[in-house]
Structure formats: structure tokens, C-alpha cells
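# Results of the structural survey
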Amino acid sequence: MNNHLLNKIKQVAFFKNIPTTLLQTLVTHSKILQCKNREMLFHEQESGERFFFLLDGAVKLYKSNDAGKEVTIKMVQPGELFAELIIFEDNKYPVSAMAIKKSEILAIHRDQFRVLLEDTQIRDRFITSLMQRMRYLTQRLKHVQTEDVRTRFLRFLIEKYGIEQQYIIEISKKEIAYSIGTIPETFSRMVKALVAEEKITWVKNELTINDKLLLIGICE
């Protein structure tokens, strides 16, 4: 028995209070992946048999549009699952996934997880997770349609880091731009405007909010 992997799985909120006997069965069909920054997990339409839980780090899910440009669907945070649609649909991933920092990822074989869904606790949590994903996508679409780039950027900071005076930004500005539904050029102009207005200072990966009312206004 891989006790290290079992302990890792128990740390995932999704599996809290799940009987150890079930988790031990899951372990035999799971593995931990250690991914480097910019390492691909899978490509859109690539065949696969596993879905994933992010234990630590950050993963970007994205698709390519008709023009061949990258469209970020979601930035996965620790504790979240992704690529779960492969459990029920065909064996092709609907999006691409890339680690955008050093990440630790739990990979679970879909056939084994289908068996575990017979357990009421796991099935209910999985359904809840799917509903949360649907709400996230609905809210993201609403923000893209109704908010300007500045507001979407500030909302991104709050959702990812909380309300702080200073942030250490571990992903590129290009990644942030795609995450909030804009292009890097537009994002760059917005950042330059905030700097010119002395509302923020951004040096290398350190972002300082000079006007904290910027963030407070987003939460109201």
C-alpha cells in the first residue's frame, strides 16, 4: 500500500471523511505527478483515461479558437478537480492543460472512479463539484460581457489572492490577460494606465496596490 499517496488523497477536501477502505482502492489506480512550470499535462482532443486533482501549484485550462488563438477557460487552484468530463464522455480531453508553476497533481483512472461513484458521499460531492464548475463558468461569462478589463483584473486578484496591499504574481501578464478574457496588448495598456494614475506599482513580479479602494469597490 502506498501510504504516502493515501495521505495525500486524505488531504484533498473532496475526499475528507470518505472511508479509508474506499480510498485504499482508489490509491491502487492513482498516481502523483510532479509537473514543472509550463509542462503540458494533456492537449485538447488528446486521448486519455485519467482526470485530476490539483494538490499544489496552478494549472491553466485552455482551448484554441477558430483563429488558432488561445482562450483560457479556467485557472485551476489547489484542491480543485479538472478534466472530470472524461469520466462520462469519450476518451478525449475537451481542453488543454498546462502547469503554470511547479505543481503536484493527483491523477485518477476514470474506470476506478466510476466504481467509487456508487458510494453516496463521493457521488454527492462529485455532483456538487460539477454544479460549482457550472456556476463559475456562468459568472465568468457574465463578467466578460458586462465588466471592463480593469474590473475583471481586480476581480481576478481578489479571487486568487484576496484583498492585500502587495501581491507576488507568479504567473505572466499574458496568462492573466487570457484568464480575464482579453488579449495581452489590451491588458498591457490597462496596467500602464493604472501605473500612470499611481493606483498601482508593478515591478517584476511584485504588485503593490497604492489605492486600496480599487479592490474594496469590487467587493461592494
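The coordinates are above.
The following paragraphs examine the structure supplied in this document. What you are looking at is a predicted structure, and each value in this text was computed from that prediction instead of being measured.

Tracing the backbone shows Gly 48 in the loop between strand 2 (40-42) and strand 3 (50-56). On the basis of relative accessibility, which here comes to 12%, the residue Gly 48 falls in the buried class. On a C-alpha basis, the gap between Gly 48 and Thr 20 in space is 27 Å, while along the polypeptide they are 28 residues apart. Leaving out residues up to four positions away in the same chain, Gly 48 has contacts with Ile 86, Asn 91 and Tyr 93.

As a further point, take the pattern of salt bridges. On inspection of all chains with the given rule, the structure shows ten salt bridges. Among the ionic pairs, Glu 44 bridges to Lys 63, the shortest N-O distance being 3.0 Å. Here Glu 44, found in the loop between strand 2 and strand 3, pairs with Lys 63, found in strand 4 (residues 59-64); they are 19 residues apart in sequence, far enough to count as distant. A relative accessible area of 30% means that Lys 63 is categorised as partly exposed. Its salt-bridge partner being Lys 199, residue Asp 211 comes within 3.5 Å of it at the nearest N-O pair.

The topology assignment puts Asn 91 in the loop between strand 6 (81-82) and strand 7 (96-99). The exposure class of Asn 91 is partly exposed, given its relative accessible area of 32%. In sequence terms Asn 91 and Glu 49 are 42 residues apart; their C-alpha atoms lie 6.2 Å from each other. Residues within four places of Asn 91 in sequence aside, it is in contact with Glu 46, Ser 47, Gly 48, Ile 86 and Arg 110.

Moving on, we get to the nonpolar core. Phe 15, Phe 82 and Phe 113 are the most contacted members of the largest nonpolar core, which has 39 residues in total. With residues up to four places along the chain from it excluded, the contact list for Phe 113 reads Phe 14, Phe 15, Phe 51, Ile 87, Ile 108, Ile 122 and Phe 126. Core analysis: the second largest hydrophobic core is formed by 26 residues, Ala 58, Val 191, Leu 194 and Leu 215 among them.

Packing of helix 1 (residues 3-11) against helix 2 (residues 20-27) brings their axes to within 10 Å, and their N-to-C directions diverge by 120°. Taken together, the axis directions place helix 1 and helix 2 in an arrangement best described as oblique. Our pair here, helix 1 against helix 2, has a crossing hand that is right-handed. The segment helix 1 lies against helix 2, with Leu 5, Leu 6, Ile 9 and Lys 10 engaging Thr 20, Leu 23, Gln 24, Leu 26 and Val 27.

Quick notes on the rules
Residues numbered from 1 in each chain as written. Predicted model: local features only at pLDDT ≥ 70, side-chain atom pairs only at ≥ 80, totals over all residues. Heavy atoms only, no water. Helix = DSSP H or I, 4+ residues; strand = E, 2+ residues; numbered from the N terminus. Buried < 20%, exposed > 50% of the residue type's maximum accessible area, 1.4 Å probe, protein only. Contact = heavy atoms within 4.5 Å. Salt bridge = Lys/Arg side-chain N within 4 Å of Asp/Glu carboxyl O. Core = buried A, V, L, I, M, F, W, Y, C linked by side-chain atoms within 4.5 Å. Axes fitted to C-alpha atoms, helices over the stretch in contact; angles between N-to-C directions. Parallel < 35°, antiparallel > 145°, perpendicular 65-115°, else oblique. Left-handed = near helix turned anticlockwise from the far one by under 90°.

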